[in-house]
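# Results of the structural survey
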Amino acid sequence: MALKDRIVRRPVVWKLSQKGQKYIYPYLTRKLGTDNVLFLNYGYEEDPPMALPLAESDEPNRFCIQLYHRTATQADLRTKDVLEVGCGHGGGASYLTRTFQPASYTGLDLNPAGIAFCQKTHNVRDLKFVRGDAQNLPFPDQSFDAVINIESSNHYPSLPRFLAEVARVLRPGGHFLYTDCDPPNGVAAWEAALAGAPMRMLSQRVINAEVIRGMEKNSQQWLEVIDRHVPAFLHGLARDIAGVRDSSLYHELQSGGLSYRMYCFAKD
């Protein structure tokens, strides 16, 4: 396939159906859990490099951690009640809880295998994991001071429904700290959903360049994981999912065919 065609065409796995999420994510957890893969995001690096001080145990996940760090530090999490929707394998939840000492941190994900992995792997004070639906959050109104969502919302059937749920569980003065690529129906629909959210946008910025650097730094690590766990005939698809260097997703971000953005919202 010509590079031009790869850039124009969205990756075939860009948005998973609910059925796909039900089966694919637990399968990935069972495979990747054997390698103790704690992060599923593409990574982030600035120019000049962030040089974020990390514990030795966190260093292998530096570039994924840096995306969490930069997103979360748009607000002060210390002594706050924090919810992460779409917590994946819990690496970000663990890092943020250990680093910023919120009063509580709850990681939520639809994937039961992922939640079981998190509960087994991350033994951190004030951190817990629960299974739940991003569009029907299992919490009372005004339960949290901050909600975090990283590289997850473009898989949800209804972004407006998710944003309404975020606003419902946030306390007045709380923050929604958010980063993702534009969904399959494009930037205009994404922006319309965000503009209609019952929250006030405080900041936004495009971070394509930073995510591309993170992808480049993480590529070798992901290629080794793919070689260990994925049949050879599926390597191309797996590289697209992982966003390694020269994958279709990597080229779409380079060309501007996809927009990766970071946002901070507040609930008045």
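Residues numbered from 1 in each chain as written. Predicted model: local features only at pLDDT ≥ 70, side-chain atom pairs only at ≥ 80, totals over all residues. Heavy atoms only, no water.

## Topic: the overall build of the protein chain
Along the protein chain, the regular secondary structure elements total ten helices and seven strands. A compact globule built from 268 residues would reach a C-alpha radius of gyration of about 18 Å, and the protein chain, at 17 Å, matches this within 12%. On the principal axes, the C-alpha backbone points of the protein chain span a range of 50 × 40 × 40 Å. The burial tally for the protein chain puts 53% of its 268 residues in the buried class. Taking all contacts inside the protein chain whose residues are at least 6 apart in sequence as the whole, residues at least 24 apart take part in 74%. Summing over all exposed atoms, the protein chain offers an accessible surface of approximately 12300 Å²; the carbon and sulfur share of this is 53%. If the 30 positive side-chain charges of the protein chain are averaged to one point and the 29 negative ones to another, these points end up 4 Å apart. (Helix = DSSP H or I, 4+ residues; strand = E, 2+ residues; numbered from the N terminus. Rg over C-alpha atoms; globule rule 2.2 N^0.38 Å. Buried < 20%, exposed > 50% of the residue type's maximum accessible area, 1.4 Å probe, protein only. Contact = heavy atoms within 4.5 Å. Areas by Shrake-Rupley, 256 points an atom, 1.4 Å probe, with all protein chains shown as cover. Lys, Arg positive; Asp, Glu negative; His and termini not counted. Charge placed at Lys NZ, Arg CZ, Asp CG, Glu CD.)

## Here we look at the sheet that holds strand E1 (residues 81–85)
As summarised here, the arrangement of the seven strands in space is E3-E2-E1-E4-E5-E7-E6, forming an open sheet in which the pairing is mixed. Two strands lie at the open edges of the sheet, namely strand E3 (127–131) and strand E6 (200–206), each paired on one side alone. Averaged over all adjacent pairs, the angle separating strand axes in this sheet is 15°, with direction ignored. In this structure, E6 lies alongside strand E7 (residues 260–266), joined through six bridges in antiparallel fashion. Bridging from a neighbouring strand, Ser203 pairs with Cys264 of E7. Against the sheet, helix H7 (residues 187–195) touches strand E5 (170–181) and E7, its axis set at about 10° to E7. (Pairing = 2+ DSSP bridges. Axes fitted to C-alpha atoms, helices over the stretch in contact; angles between N-to-C directions.)

## Thoughts on the state of the cysteines
On inspection of all chains with the given rule, the structure shows zero disulfides. Considering cysteine sulfurs only, Cys64 is the nearest to Cys181, which forms no disulfide, with 14 Å between them. Cys181 sits in the buried class, given a relative accessible area of 1%. Between Cys264, a cysteine without a disulfide, and Cys181, which holds the nearest cysteine sulfur, the sulfur-to-sulfur distance is 19 Å. (Disulfide = S-S within 2.5 Å.)

## Concerning a nonpolar patch on the surface
Together, Phe233, Leu234, Leu237 and Ile241 give the surface a local cluster of nonpolar side chains, amounting to about 380 Å² of exposed area. Checked against the element boundaries, Phe233 lands in the loop between helix H8 (208–229) and helix H9 (235–242). (Patch = residues over 30% accessible without salt bridge, like charges linked within 9 Å, V, L, I, M, F, W, Y side chains within 5 Å. Salt bridge = Lys/Arg side-chain N within 4 Å of Asp/Glu carboxyl O.)

## Let's talk about the pairing of E1
Counting buried residues in E1 gives five out of five residues, a clear majority hidden from the surface. Burial of E1 is two-sided: the residues Asp81, Leu83 and Val85 facing one way and the residues Val82 and Glu84 facing the other way are all buried. Of the pairings in the sheet, the one linking E1 to strand E2 (residues 104–109) comprises five bridges and is parallel in character. Within E2, the residue paired with Val85 across the bridge is Leu108.

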